[in-house]
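The primary structure of each chain is shown beneath.
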Amino acid sequence: MKGAWGFVVAALSVLLAAPALAQDFPAKPIRLLIGFPPGGNVDVVGRILAQKISEGFGQQVLPENRTGAGSIIANEHVAKSAPDGYTLLVVSGAFVTQAATMKKLPYDPVRDFSWISTVVTYPLVLSVRSDSRFRTLDEFIGFVKSNPGKLHYPSPGMGTLYHLAGEMFVSMAGIDMQHVPFRGGSEPLTEVLSGRMELLIDALTNSYPHIHGGKFRPLAVTSLERSPALPEVPTVAQSVPGYEASSFLGIAGPAGLPDAIVERVNREVRRVLALPDIGRRFAEWGGTPSPSSPEEMRRHVEGEIAKWRRLVETRKIELP
C-alpha cells in the first residue's frame, strides 16, 4: 500500500510541476544545433529563428554549426542529449532521406526525438540554363524519350533529396536519364551552368537567386501547387500527374522532452513565424512559413521517410 501511495504522490508531483516547468523555462541559454556549414539555407533559417526566439524568451538561443556526415553528427548529439529543452536541433530534408536510404544510423529517426514544429517548407525546382533549347518541361521529357540515356542530371550525392527527387521524376515520367553524383557543394550547379549537363534539380532556396539573375530558366517546381516565388512556373505534376517532392525545416529535441517545454517552444516558433518580416524574408528565397503541432510534424517526418523508402526499394537504389 505504501508503495502504491508513493507512486501516486510521485505522479501528482510530476503533473503539478509541469506548469511551473513551462513557466520557468528557459532559465539559461539554449543551444540550437545546425548540422550544416554557415551560409546555407539551413544555417540562415536557424540563425533567424535563434535571434527571434531569443527575443521572445529573454534568454539567448545560440546557433551552433555542428557539421559532418550530412548533419548526422548534429542529429546524434541531440538524440543523446538530456531532455531538458536546452539542446535543440534544426531538422532538414536530409534527415528523412538519410533515414530512408541508410541501413544503419546511430539513432532511431523517429523514436529518439521529440518533435516540436515544422518551420518552413519549400519545393525543389527543375531548371535549365537560360539559353537552353528547352523552354518547357514537356519539351524536355519529349526529347529524353526520343534520346534515351543521352542526358544526365547531377546531384550533391547519392541518397540526397535531389537524387531521390530525380529518380522519382525519371520513374514517373517514363524516361531514361542517368544520375551523376558529386560530393556536395556547388558542383551540380556548376555542371549545368557550364553546359556539361542540361537539367538541375535543386531546392528553390538555392536556385532562386540564379533564376532571378537570369542564369537559369525554371521549367517546373516540384510542389503540388505553384510556388508564390515563381507564380508563372508550372508544377511537375502538370506534366507528370501525381509527382510531388518538397523539403522542409523544423525544430526537434531529444526524446522525452516534457510536454510543457515542447508546448512552450512550439508557441514561440509560431509567434516568430507570424511576424510579417519573417514571412517576407522566407518568401524572398522561395520558402513558406509552415508552423505545425508536434504531432503533425511527427506524422510528416514518418510519412516522408516511408515515401522515400518505397522509392529506394522500387528503384533498387544501392548506396555505398
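A quick note: this is a predicted structure, and the numbers were derived from the prediction, not measured.

Caption draft 1: The side chain of Ser246, seen in detail. The residue Ser246 is located in strand β9 (residues 246–254) in this model. For Ser246, a relative accessible area of 18% gives the class buried. Among the polar contacts listed, one links the side chain of Ser246 to the side chain of Glu244, at a separation of 2.9 Å. Discounting residues that sit within four places of it in the chain, Ser246 has contacts with Tyr122, Pro123, Leu161, Thr222 and Glu304.

Caption draft 2: Layout of the packing of aromatic side chains. Per the stated rule, a full pass over the model turns up 10 aromatic pairs. With a centroid separation of 5.5 Å and 90° between ring planes, the pair formed by Tyr107 and Phe113 is classed as edge-to-face. Accessibility assignment for this pair places Tyr107 and Phe113 in one class, buried. Taken together, a centroid distance of 5.3 Å and an interplanar angle of 65° make the contact between Phe134 and Phe143 edge-to-face. On the accessibility criterion, Phe134 (3% relative accessible area) is buried.

Caption draft 3: Layout of the nonpolar core. In terms of nonpolar packing, the biggest core is built from 85 residues, with Phe169 and Met177 touching the most fellow members. Ranked by residues supplied to this core, first place goes to strand β4 (residues 113–129) with 9 residues. Setting aside residues no more than four positions away along its own chain, Phe169 makes contact with Leu126, Leu137, Phe140, Ile141, Ile175, Met177, Leu199, Val236, Val240 and Tyr243. Counting 13 residues, the second-largest nonpolar core is a separate cluster that includes Val192, Met197, Tyr208 and Val233.

Caption draft 4: Expanded view of the pattern of salt bridges. Under the defined criterion, the tally for this structure stands at 17 salt bridges. For Arg133, the salt bridge identified is with Glu198, shortest N-O distance 2.4 Å. Here Glu198 lies in the loop between α7 (187–194) and β7 (200–203) and Arg133 lies in the loop between β4 and α5 (137–146), a separation of 65 residues in the sequence.

About the cut-offs
- Residues numbered from 1 in each chain as written.
- Predicted model: local features only at pLDDT ≥ 70, side-chain atom pairs only at ≥ 80, totals over all residues.
- Heavy atoms only, no water.
- Helix = DSSP H or I, 4+ residues; strand = E, 2+ residues; numbered from the N terminus.
- Buried < 20%, exposed > 50% of the residue type's maximum accessible area, 1.4 Å probe, protein only.
- Polar contact = N/O pair within 3.5 Å; in protein donor to acceptor, adjacent residues only side chain to side chain.
- Contact = heavy atoms within 4.5 Å.
- Phe/Tyr/Trp six-rings, centres within 6.5 Å; stacked < 30°, edge-to-face > 60°.
- Core = buried A, V, L, I, M, F, W, Y, C linked by side-chain atoms within 4.5 Å.
- Salt bridge = Lys/Arg side-chain N within 4 Å of Asp/Glu carboxyl O.

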